[in-house]
Amino acid sequence: MFPIRIGLFLSFLLLLLGACSDNSGGISKATEHSGMVFIEAAEKSTILGTNDSSAVSSVKPEMNVSFTYNYFLSRSEVTKAEYADIMGNETVLSTDSANLPQTDVTYYDAILFANAKSQKEGFDTAYSYSTMTLDTEGNCINLEGLVFDPTKESYRLPTEAEWVFAASDGWNTSSAWTNDNSNDVAHSVCTQDKNTLGLCDMAGNVMEWMNDWLGNFLDTSVTNYVGASDGGALGERVVKGGSFRNTASNINWISRGDIYTVTASTKADYVGFRLAFGNIPEPHWVNSNGITTSLVSILINSGRLKSILGTFNAKMAFVNYETGNLAYIDFSNSTLAVTEIVDTHPVFHPDISPDGKRVAFCTKVEGVSGTSEVYVRDLNATGTNLVKLNVASAAIPRWRVVGGDTVIVYVTDAGNNKEDAEWKQKSTWQVPFAGGKFGTPVKLFDGSYHGGISEDGNLAVTGARLLRANINGKDTVWYNGEQACNASISKDSTKRTLFLDFGSETGKAFVGKDYATHERLLFADSTGKLIQSIAAPINYTFDHSEWSNVKNVAVASVTNSNGAHSKLYIINTKDSSLINVAEGNELWHPSLWVGVSNFNLNTELNLDSVGVYMTEESVVGESHILRYKMELLWEFYDSVEVAIVGSSRPYAGVNPSKLSVGFAVNFSHVPNDIFISEYFVENYFLPLFPKLKTIVVSLDLDMWYKVNGEDWNNYYARAPGFTYDHNHEFWKDGVPKSMLQHTREAWGASEDIRSYLCDSLGYVVPATLGWGTSVELSRDSIIEDENIRLNEALLALETIISKAQNFNVNVVGIIFPQSPLYAETGAFGRYGLRRSRALTLIEQISTLESKYSNFHLMDENKMGYHDYTDDMAYNWDHLAYKGAAQLTTRLDSLLTTLE
């Protein structure tokens, strides 16, 4: 999937934040900003990415970026003292810690700091938002309605292009704070050499937040590049540079991420930031379709939407008139993004199918006569399975379900309906649509009733000059014959018609005061009598009004004083409230689809908790993976014979479909530790899996430094589904029949991620990049309380084994192979552990084989002296497809010998 276009917002909203900025990009070196270096980039360029075929996809291909502006960049990473001064932190800092880089901050924390610094110094702010969400430690983990305006002259995070341009001038990792010389801690800023431009710590000390979304590069040249349009399905952000955790040989200015997925709510003790200052004239974003200056900002989150619609399962389709593309938002996704479907067809009046999987559209707008075509396509990123209705002319398609059959109502011409004789030459038709194909059209009426047909089929309306109705086969004119347009009939039994007018006398009399054209959304009952009106937002007027497929919810675009359709709104007709969903330059013809559950809800279950294994507040890094693994759990709990659990190593290293001994599912996820594996074995696998024969668990000895409960509390405890399972004793008395459906429909559902994680029963196929020519040491090999932590982890493993024995279930513990180069270091693996201590620990684990007949150890690492070749590896500690095939074959051979 290639979700695209989130970014630019209205100048009206921006003006609320302060004075207008100079958008010329003419920032002067004479302007002084304390602690910043003036970067003369205008008329110069830099290269992002690489053409190295062995590199990860996110850094390919090379992309040339040129600048038409200069900017300032902080000499150093923002220090703890600077952060405390701006953000009002009263924590007393020692002299040493005051000059350390500020870390453990999210992307949101960093941009809030930038805003606060701008305000303190009397500048406008580059970031606006509606609401803020903080975690228990005070870090910001969400800014609803966040929009970045690069044209503001203010403090902000640097773009990736700005950072690379400045960092590459005198790049030198040998004089940076890295894992080679840092003792695994951050150091005071500017205590190593500066680069040619006088910037400190660009290559090391801590990684740094960029302003950009993480998206793919293009093999082209871009001027004033400000990143991707959005962060894809996961909402990924860019971080640059190395840190005290990385070895110098593995640090470069090409890399764009960390070990795991980086989102705006991620924080780490090795990630900080520095600021840029200055406006970016004529900014350009890049998406899968190319370079664009037309961005759409989503100003609502899924939680807010659920409070209105009662579900996350909703989609909005609309037309980005500036690009000419059909666009949509899937609100069930964990990260909201605008997806545009690019092709050569004109697109108007999209309407989403009753099942939410397809969209119909036409090639002519309401009020304009002439030949039009109707198409249907899948509502996905590429708009697959495009099919055309083969008739002379068709416009304004509307889906209906008649007697269980799905049909599309359309008109032959959607032009002006004022002249009666001319209008009756047009007609309204209905055509079945099934199996991706159109059936045979059937004529319904003379006259083009493109406003839709009521649920019972007894009322049809149209409004392209006059508000006409067909009641039980008889034509009539409503609204006293005054001008009206944008008519839409409700898709429920109320038969209400909403429409817009031109400040008519009839409307004014009903409202009780004068109003301007399209300033009121009007509602008529099944007889044409006015029953309600809703005012447009101040300084705006309505256009393109439509009912959704659920009761009391409509949508519309609004136009500003310049006539631009700059916002999309959801309208709650029950209380007349308006909810701003998105903003852009020209957003037309919204269609809102709300999914209705196809099962009978168990009203005894708390629908805000059951199956909700991820929330907007709980998703951190790659914690979303477990949400989809829980779908696998509830789908196959009564069938699983082999359950695989652990970290990302088995996640990429064991292919369950290649095991011949029984039905297997890979439940491995990231983040994970041995204590989380124990939790799942004890509470889900053993009591709920009636056919379970074997549990395969990863023995990540170099990660046994972790404290029991730390990962669980940081990544999963805030998701209510786990607490709800616990409070119901993990459903030991019976799993609710609707559990899988609840889990699938809970927040965060994405068909693309689900397909990626679930179609292969939880196994992912990483690229083959090899073990590398050097290794990453992400932690010191010596840890505090080493024996205590290792013994706790060893006890957790023994608990898994002993409890599995009570259920006559085997346990296979696998030590996964890591780079052979670790054998040349003092560390067991990527996350440390002294090699001498690792040998002792493996011996302790081996004794469990004689103690428990159901336990079997597979040491595939052999202290680095293994037979997994370079073409079998993804990176320092993960296998690629070929390596996973070898390990899975060996596992299968072992399992066939077990009782």
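Just so it is clear, the model here is predicted, and its values are computed rather than measured. Residue positions are given per chain, counting from 1 as you read along its sequence in written order. Residues qualify for local features only when their pLDDT is at least 70, as the model is predicted, and side-chain atom pairs are given and counted only at 80 or more; totals for whole chains, interfaces and linings, by contrast, use all residues. As a rule here, side-chain values cover all heavy atoms of the structure and leave hydrogens and water aside.

> Residue-level account of the sheet that holds strand β19 (residues 314-320), with values.
When DSSP finds at least two bridges between two strands, those strands are taken to pair. Per the convention used, a helix needs a DSSP run of H or I reaching at least four residues, while a strand needs a run of E reaching at least two, with both numbered from the N terminus. If you trace the four strands from one edge of the open sheet to the other, you get β21-β20-β19-β41, paired in antiparallel fashion. Two strands lie at the open edges of the sheet, namely β21 (338-341) and β41 (587-594), each paired on one side alone. Strand after strand, the sheet turns through a mean of 25 degrees between neighbouring axes, direction not considered. The pairing of β19 with β41 spans six bridges and is antiparallel. Counterpart to Lys 315 in the pairing with β41 is Trp 593. Here, axes are lines fitted to C-alpha atoms. For helices the fit covers the stretch in contact, and angles between N-to-C directions go from 0 to 180 degrees.

> Before we move on, can you summarise the state of the cysteines with the specific residues and values?
Note on terminology: disulfide denotes any pair of cysteine sulfur atoms within 2.5 Å. Taken as a whole, this structure holds one disulfide when the rule is applied. Note that Cys 190 is cross-linked by a disulfide to Cys 200, the S-S spacing being 2.1 Å. The sign of the 100 degrees torsion about the S-S bond sets the Cys 190-Cys 200 disulfide as right-handed. Taken as a pair, Cys 190 in the loop between α5 (160-167) and β10 (207-213) and Cys 200 in the loop between α5 and β10 lie far apart in primary sequence, ten residues in all. Remark: exposure states derive from per-residue accessible area (1.4 Å probe, protein chains only) relative to the maximum for the residue type, with buried under 20%, exposed over 50%, and partly exposed in between. For Cys 190, a relative accessible area of 28% corresponds to the partly exposed category. Assessed through its relative accessible area of 0%, Cys 200 is described here as buried.

> Please set out helix α17 (residues 835-851) residue by residue, giving values where relevant.
Multiplying 1.5 Å by the residue count of a helix minus one yields the expected span of that helix. The end-to-end C-alpha separation of α17 is 25 Å, in line with the 24 Å expected for 17 residues at 1.5 Å each. When we look at burial in α17, the residues that qualify are Arg 835, Arg 837, Ala 838, Leu 841, Ile 842, Ile 845 and Leu 848. The buried side chains of α17 occupy one side of the element, clustering within an arc of 150 degrees when seen end-on. Of the exposed residues in α17, the ones pointing more than 90 degrees away from its buried face are Glu 843, Ser 850 and Lys 851. Residues are treated as being in contact if the distance between any of their heavy atoms lies within 4.5 Å. The inward-facing, buried residues of α17 abut α16 (786-806), β45 (810-815), β46 (827-829), β47 (832-834) and β48 (855-859). As used here, the arc is the angular range of directions from the helix axis to the C-beta atoms.

> Let's hear about the nonpolar core: which residues, and what values?
One finds Trp 634, Phe 685 and Trp 704 to be the most contacted residues of the largest nonpolar core, which totals 73 residues. It is helix α11 (residues 674-688) that provides the largest number of residues to this core, a total of nine residues. Those residues in contact with Phe 685 that lie beyond four places of it in its chain are Leu 633, Ala 643, Val 645, Phe 667, Phe 680 and Leu 692. What is meant by a nonpolar core is a set of buried Ala, Val, Leu, Ile, Met, Phe, Trp, Tyr and Cys residues, joined one to another through side-chain atoms within 4.5 Å. Counting 35 residues, the second largest nonpolar core, distinct from the first, contains Tyr 83, Phe 113, Tyr 155 and Val 239.

> A description of the pattern of salt bridges should follow, citing residues and the corresponding values.
Salt bridge, as applied in this entry: a Lys or Arg side-chain nitrogen positioned within 4 Å of an Asp or Glu carboxyl oxygen. Evaluated as defined, the whole model comprises 41 salt bridges. Of the charged contacts, one joins Arg 274 and Glu 208 as a salt bridge, the two residues approaching to 2.8 Å between their closest N and O atoms. Of this pair, Arg 274 sits in the loop between β14 (271-272) and β15 (276-277) while Glu 208 sits in strand β10, and the two are 66 residues apart along the sequence. Residue Arg 274 shares its accessibility class with Glu 208, and that shared class is buried. Overlapping salt bridges bring together Arg 627, Glu 631, Glu 635, Arg 744 and Arg 754 as one network.

> An account of the environment of Gly 215 is requested, with residue identities and associated values reported.
Tracing the sequence through the fold places Gly 215 in the loop between β10 and β11 (221-223). According to the relative accessible area criterion, Gly 215 is buried, its value standing at 14%. For the pair Gly 215 and Arg 237, spaced 22 residues apart in the sequence, the C-alpha separation amounts to 8.6 Å. Not counting residues within four places of it along the chain, the set of residues in contact with Gly 215 comprises Ser 58, Ala 228 and Arg 256.

> Please set out the packing of aromatic side chains residue by residue, giving values where relevant.
Pairing of aromatic side chains requires ring centres within 6.5 Å, counting the rings of Phe and Tyr and the six-membered ring of Trp. Pairs whose planes differ by under 30 degrees are stacked, by over 60 edge-to-face, and all others tilted. Counting across every chain of the model gives 47 aromatic pairs. Pairing Phe 445 with Tyr 449 gives two aromatic rings, centres 5.6 Å apart and planes at 75 degrees, and the pair type is edge-to-face. For the pair Phe 445 and Tyr 449, one class covers both residues: buried. Aromatic side chains Trp 634 and Tyr 684 sit 6.1 Å apart centroid to centroid with 75 degrees between the ring planes, which places their arrangement in the edge-to-face category. Of this pair, Trp 634 sits in helix α9 (residues 624-636) while Tyr 684 sits in helix α11; the two residues are 50 residues apart in sequence, bridging distant segments of the chain. With respect to burial, Trp 634 and Tyr 684 carry one shared label: buried.

> Go over the sheet that holds β48, please, and point to the residues and values.
Read from one edge to the other, the open sheet built from five strands follows the order β43-β42-β44-β45-β48, with strand pairing classed as parallel. Whereas interior strands pair on both sides, the edge strands pair on one side only; in this sheet they are β43 (664-666) and β48. Each adjacent strand pair in this sheet contributes to an overall mean axis angle of 15 degrees, direction not counted. Across five bridges, the pairing between strand β44 (residues 694-698) and β45 is parallel. Considered in β45, the bridge of Val 696 is made with Val 812. Those strands touched by α11 are β42 (642-645) and β44, and its axis lies near 165 degrees from that of β44. Those strands touched by α16 are β44, β45 and β48, and its axis lies near 155 degrees from that of β45.

> For a nonpolar patch on the surface, give the residues involved together with the corresponding values.
Patch construction takes residues with relative accessible area above 30% that form no salt bridge. Like charges are linked within 9 Å, and nonpolar side chains (Val, Leu, Ile, Met, Phe, Trp, Tyr) are linked within 5 Å. Only the protein chains shown count as covering a residue, and every accessible area follows the Shrake-Rupley method with a 1.4 Å probe. Together, Tyr 129, Met 132 and Leu 134 line one region of the surface with nonpolar side chains, adding up to about 270 Å² of accessible area. When you line up the elements, Tyr 129 lands in the loop between β5 (127-128) and β6 (131-134). Judged by its relative accessible area of 33%, Tyr 129 falls in the partly exposed class.

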